[in-house]
Amino acid sequence: MLRNKNATNPSKPWYMWWCPGANHAPHHAPKEYIDKYKGKFDDGYDAYREWVVKKMIEKGILPKNTELTKLNFLPESVANPADYVRPWNELSADEKKLFSRMAEVYAGFSEYTDAQVGRIIDYLEETGQLENTIVIYAADNGASGEGSPNGSVNENKFFNGYPDELAENLKYMNVLGGPDTYNHYPTGWAAAFSAPFKMFKRYAEYAGGTNDPLVISWPKGIKAKGELRHQYHHAVDIVPTILELCGLQMPDVYRGVKQYPCRAYP
């Protein structure tokens, strides 16, 4: 799209909304990307939560007094058994092996996607467009818990209330991340990848379901480089910000339909 645009009308501004499959299930990635993470998650999701929060505090992403939230904190009267997180130290050796591999696949999927984003950034740089291009890099929700407490080689089982069986899932261990599976990690990793916040996707009342990373780059228009921002931001701020940067006003009426007011909140 970018190459064609340059060939036909290089002076015309462009807008691209690029939405990869990552990191949504199924988690698919080339095997060489997945294998790079072999053994990286063997300590389990309980240990990962502790480690990642400590790392984020060290990097200044989280405040120094950040405390890790508890797992399975909802009372039984409202808790969904399908969203329960099984303690890592209570898993069997086979379960630990399977669950670790599912996290390796997810990590490989993440890095593979970053590499594709890098291809776009490289092209913009090669063609002299990166300096004056606004790049907004974001996710759309917290980590997903549809893998059930036991993980799944076929997420559609969860949607149909059909339980996964460990023996069957182990048969797919070596092909996880490929076209033979529609795999999804267990809820333990969903909670870990949403740390330090509570819960995960589908729980909009908790930050674990809605809190996401956001990176913005515009070399020509933003003087700050590599800095962190701790004030509250919301997805609804993005459109009015883009309009403001482009010097445009949200129309009151679009194609005969009256529009809701659109503005960024300070």
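Here the structure is a predicted model, which means the values were calculated and not measured.

## Some points on the overall build of the protein chain
Logical step 1: In terms of regular secondary structure, the protein chain is built from 9 helices and 4 strands.
Logical step 2: Element order for the protein chain, N to C, with α for helix and β for strand: α-α-α-α-β-α-α-α-α-β-α-β-β.
Logical step 3: Taken over 266 residues, the protein chain has a buried fraction of 33%.
Logical step 4: Expressed as a percentage of contacts within the protein chain between residues at least 6 apart in sequence, the contacts between residues at least 24 apart total 73%.
Logical step 5: Put simply, the protein chain shows about 17,400 Å² of open surface, and 54% of that area lies on carbon and sulfur atoms.
Logical step 6: Here the protein chain carries 30 positive and 33 negative side-chain charges, and the mean point of each set is 5 Å from the other.

## Thoughts on the environment of Leu-68
Logical step 1: When you line up the elements, Leu-68 lands in the loop between α3 (45-58) and α4 (93-126).
Logical step 2: Under the relative-accessibility criterion, Leu-68 is labelled partly exposed at 25%.
Logical step 3: In this structure, the C-alpha to C-alpha distance between Leu-68 and Lys-54, residues 14 residues apart in sequence, is 9.6 Å.

## Some details on a nonpolar patch on the surface
Logical step 1: Taken together, the side chains of Ile-134, Ile-136, Leu-214, Ile-216, Ile-222 and Leu-245 make up a nonpolar region of the molecular surface, amounting to roughly 430 Å² of accessible area.
Logical step 2: Mapping Leu-245 onto the fold places it in helix α9 (residues 238-246).
Logical step 3: Residue classification places Leu-245 among the partly exposed positions, given a relative accessible area of 39%.

## With respect to the nonpolar core
Logical step 1: Counting residues in each nonpolar core, the largest one holds 35 residues, and the members touching the most others are Tyr-45, Phe-99, Tyr-185 and Trp-189.
Logical step 2: Elements that contribute at least two residues to this core include exactly α3, α4 and α7 (187-193).
Logical step 3: With 8 residues, the single largest contributor to this core is α4.
Logical step 4: Setting aside residues up to four positions removed in sequence, Tyr-185 forms contacts with His-27, Met-102, Tyr-106, Ala-143, Ser-144, Gly-147, Gly-151, Ala-190 and Phe-193.

## Focus on the side chain of Thr-69
Logical step 1: On the secondary structure map, Thr-69 appears in the loop between α3 and α4.
Logical step 2: A distance of 2.8 Å separates a polar side-chain atom of Thr-69 from the backbone oxygen of Pro-196.
Logical step 3: In this structure Thr-69 touches Arg-49, Pro-196, Phe-197 and Lys-198, once residues within four positions along its chain are discounted.

## Some details on the packing of aromatic side chains
Logical step 1: This structure, assessed with the given rule, holds 17 aromatic pairs.
Logical step 2: Each member of the aromatic cluster is reached from another via a ring pair, and the members are Phe-41, Tyr-45, Tyr-48, Trp-51, Trp-88, Tyr-106, Tyr-185, Trp-189 and Phe-193.
Logical step 3: In this structure, Lys-198 is placed above the aromatic ring of Phe-73, and the distance from its NZ or CZ to the ring centre is 4.7 Å.

## Brief notes about the state of the cysteines
Logical step 1: Under the definition given, this model contains 0 disulfides.
Logical step 2: Between Cys-246, a free cysteine, and Cys-262, which holds the nearest cysteine sulfur, the sulfur-to-sulfur gap is 13 Å.

## A short note on the pattern of salt bridges
Logical step 1: If you walk through the whole model with that rule in mind, you get 11 salt bridges.
Logical step 2: One salt bridge connects Glu-111 with Lys-36, and the closest N-O pair in it is separated by 2.4 Å. A residue pair is termed long-range when its members are at least 10 positions apart, and Glu-111 in helix α4 and Lys-36 in the loop between α2 (31-35) and α3 qualify at 75 residues.
Logical step 3: Between Arg-101 and Glu-104 there is a salt bridge whose closest N-O contact spans 2.8 Å. Linking Arg-101 with Glu-104, this pair stays in helix α4, spanning 3 residues, or about one helical turn. Summarising the burial analysis for this pair, Arg-101 and Glu-104 share the class buried.
Logical step 4: What emerges from the salt-bridge pattern is a single network uniting Lys-31, Asp-35, Arg-101 and Glu-104.

## Considerations on the side chain of Gln-116
Logical step 1: The residue Gln-116 is located in helix α4 in this model.
Logical step 2: A distance of 3.0 Å separates a polar side-chain atom of Gln-116 from the backbone oxygen of Tyr-112.

## Digging into unusual backbone geometry
Logical step 1: At the junction of Ala-22 and Asn-23, the peptide bond is cis and its omega measures out at -5 degrees in the coordinates.
Logical step 2: For Asn-23, the position within the fold is in the loop between α1 (2-8) and α2.
Logical step 3: A cis geometry characterises the amide bond from Ala-195 onward to Pro-196, with omega recorded as 10 degrees.
Logical step 4: Located in the positive-phi region is Arg-202, a residue other than glycine, with phi close to 90 degrees.
Logical step 5: Structurally, Arg-202 is set in the loop between α7 and α8 (207-210).
Logical step 6: Accessibility expressed as a relative area gives 39% for Arg-202, which makes it partly exposed.

Rules used in this analysis
Residues numbered from 1 in each chain as written. Predicted model: local features only at pLDDT ≥ 70, side-chain atom pairs only at ≥ 80, totals over all residues. Heavy atoms only, no water. Helix = DSSP H or I, 4+ residues; strand = E, 2+ residues; numbered from the N terminus. Buried < 20%, exposed > 50% of the residue type's maximum accessible area, 1.4 Å probe, protein only. Contact = heavy atoms within 4.5 Å. Areas by Shrake-Rupley, 256 points an atom, 1.4 Å probe, with all protein chains shown as cover. Lys, Arg positive; Asp, Glu negative; His and termini not counted. Charge placed at Lys NZ, Arg CZ, Asp CG, Glu CD. Patch = residues over 30% accessible without salt bridge, like charges linked within 9 Å, V, L, I, M, F, W, Y side chains within 5 Å. Salt bridge = Lys/Arg side-chain N within 4 Å of Asp/Glu carboxyl O. Core = buried A, V, L, I, M, F, W, Y, C linked by side-chain atoms within 4.5 Å. Polar contact = N/O pair within 3.5 Å; in protein donor to acceptor, adjacent residues only side chain to side chain. Phe/Tyr/Trp six-rings, centres within 6.5 Å; stacked < 30°, edge-to-face > 60°. Lys NZ or Arg CZ within 6 Å of the ring centre and 35° of its normal. Disulfide = S-S within 2.5 Å.

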